[in-house]
Structure formats: structure tokens, C-alpha cells
Amino acid sequence: MKALLEYEDCIVGILMGVLVLGYEGTLAIPYAEFLLEIGSILFLLFILFDIVNEIKDPDEHIAFTLLAIVHNIVDAILMLGFIDFFFELNIPLIGEYLVPYIGNLTFVYGIGIFLIVSNTLWFVNVIRSPLMKS
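About the thresholds
- Residues numbered from 1 in each chain as written.
- Predicted model: local features only at pLDDT ≥ 70, side-chain atom pairs only at ≥ 80, totals over all residues.
- Heavy atoms only, no water.
- Helix = DSSP H or I, 4+ residues; strand = E, 2+ residues; numbered from the N terminus.
- Rg over C-alpha atoms; globule rule 2.2 N^0.38 Å.
- Buried < 20%, exposed > 50% of the residue type's maximum accessible area, 1.4 Å probe, protein only.
- Contact = heavy atoms within 4.5 Å.
- Polar contact = N/O pair within 3.5 Å; in protein donor to acceptor, adjacent residues only side chain to side chain.
- Core = buried A, V, L, I, M, F, W, Y, C linked by side-chain atoms within 4.5 Å.
- Axes fitted to C-alpha atoms, helices over the stretch in contact; angles between N-to-C directions.
- Parallel < 35°, antiparallel > 145°, perpendicular 65-115°, else oblique.
- Left-handed = near helix turned anticlockwise from the far one by under 90°.
- Nonpolar A, V, L, I, M, F, W, Y, C, P; charged D, E, K, R; others polar.
- Expected span 1.5 Å × (residues − 1).
- Bend = angle between axes of the 7 residues up to and from the residue.

Q: Please explain the overall build of the protein chain as it appears in this structure.
A: Counting its regular elements, the protein chain contains 5 helices and 0 strands. Helices and strands appear in the protein chain in the N-to-C order α-α-α-α-α. Taken against the 2.2 N^0.38 rule, which gives 14 Å for 134 residues, the C-alpha radius of gyration of the protein chain at 15 Å falls within 12% of a compact globule. With respect to the principal axes defined by its C-alpha atoms, the protein chain has extents near 45 × 35 × 25 Å. A total of 134 residues make up the protein chain; the buried ones form 40% of that total. Pairs at least 24 apart in sequence give 66% of the contacts found in the protein chain among residues at least 6 apart.

And the structure:
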């Protein structure tokens, strides 16, 4: 159920982290808010595809598969928070508990760093996995 590559969601996650840092002000990215609005929706789709792929085709040990699903759920919750923040959807629980923190630029900086680091680690794991099997 992946669109093109095994690691496409990792690359999109890293790009989203960079956009979050651009929105927060650490990086100078033109139109960072607009790109983050659109990117949040697209990344949520990639996350959903990845969860389906993990369940449908577990390549790794069950612990890695479960960890990947938990990581995707965390990423999805963060993206739903940005979607709720930008489009004022008032998603239950997300709008109540997460959206107020998105107004805090220190918290947004942490989200950006989390997205970059965690998706980079998964990217390295996915790239390294075929090399270890051969």
C-alpha cells in the first residue's frame, strides 16, 4: 500500500520536521505556514498508508512492527494537531489537549526536532534492513 518506496514516509516526515522548524522561525522557509498546512494533510495520508502497510506486511520482528505503528500513531496525532490548529476543526481531544501547545513556539520546536530525528532513525533502519538480510 506504499505509493512508491518503502521509506517515503520517513522522507516526508523529515521534510515535515524542517517545515515545522521553518514555521517556528528557526529556519527561513518562505511560505512555511502554508506549506505546513498542506504538508500536514499529505503526511497524515502517508502515515495512514504506512500503518496499513505495517499491519498487512510485517517485515521486521513483531517488536519493530509495533514500535513502527506506535511511532506512526504519534506522528498522526501531531499532524492532526496541526490540522486542527490551522483549520480550526475542534477535533475531540486533539483540539482540547494538543492545540493549545501548538501555539507555544518552544513546543513546536520540539515537535520539529522529534519529526526530524525519529524519521531519520526509521529511514536509517529501513535502508540498513535489506543490507543486513543479504
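More follows now that the structure is in view.
Q: Sorry, what's going on with the side chain of His 71 here?
A: Secondary-structure assignment places His 71 in helix α3 (residues 62-87). Of note is the side chain of His 71, whose polar atom sits 3.0 Å from the side chain of Ser 118. Beyond its immediate chain neighbours, meaning those up to four positions away, His 71 contacts Phe 114, Ser 118, Asn 119 and Trp 122.

Q: I keep staring at the nonpolar core and nothing clicks. Help me out?
A: Across soluble globular proteins, nonpolar side chains show a tendency to be buried alongside one another. Of all hydrophobic cores here, the largest spans 21 residues; its most connected members are Met 16, Val 20, Leu 36, Phe 43, Met 79, Phe 82 and Leu 115. Of all elements in the fold, only α1 (8-24), α2 (32-56), α3, α4 (94-102) and α5 (105-133) reach the threshold of two or more residues within this core. No other element matches the 6 residues that α3 contributes to this core.

Q: I would appreciate a short explanation of the environment of Leu 36 in the present structure.
A: Position of Leu 36 among the secondary structure elements: in helix α2. Residue class for Leu 36 comes out buried when judged on its relative accessible area of 0%. Along the chain, Leu 36 and Glu 24 lie 12 residues apart, while their C-alpha atoms are 11 Å from each other. Contact partners of Leu 36, with chain neighbours within four places excluded, come to Met 16, Leu 19, Val 20, Tyr 23, Phe 82 and Phe 86.

Q: What's the story with the packing of α1 against α3 in this structure? I'm lost.
A: Each pair of packed helices can be described by the angle between their axes along with the distance between the axes. Look at α1 against α3: their axes get within 13 Å of each other, and the N-to-C directions meet at 40 degrees. The angle between the axes of α1 and α3 places the two elements in the oblique class. Relative to α3, α1 is oriented so that their crossing is left-handed. Between α1 and α3, the contacting residues are Asp 9, Met 16, Val 20 and Tyr 23 on the first element and Asn 72, Met 79, Phe 82, Phe 85 and Phe 86 on the second. When grouped by side-chain class, the residues that make up the contact of α1 with α3 number 7 nonpolar, 1 polar and 1 charged.

Q: Can you walk me through α2 in this structure?
A: Taking 1.5 Å per residue, 25 residues should reach 36 Å; α2 reaches 35 Å between its end C-alpha atoms and fits that length. At Gly 39, α2 shows its maximal bend, which comes to roughly 25 degrees. Within α2 the residues assigned to the buried category are Ala 32, Leu 36, Glu 37, Gly 39, Ser 40, Phe 43, Leu 44, Ile 47, Asp 50, Ile 51, Asn 53 and Glu 54.

Q: Is there a simple way to explain the packing of α1 against α2 in this structure?
A: At their nearest, the axes of α1 and α2 sit 9 Å apart, and the two run at 155 degrees to each other. What the angle tells us is that α1 and α2 run roughly antiparallel. Crossing hand, α1 versus α2: left-handed. On α2, the residues touching Glu 8, Asp 9, Val 12, Gly 13, Met 16, Leu 19, Val 20, Gly 22 and Tyr 23 of α1 are Ala 32, Glu 33, Leu 35, Leu 36, Gly 39, Ser 40, Phe 43, Phe 46 and Asp 50. Here the contact of α1 with α2 is built from residues that sort into 10 nonpolar, 4 polar and 4 charged.

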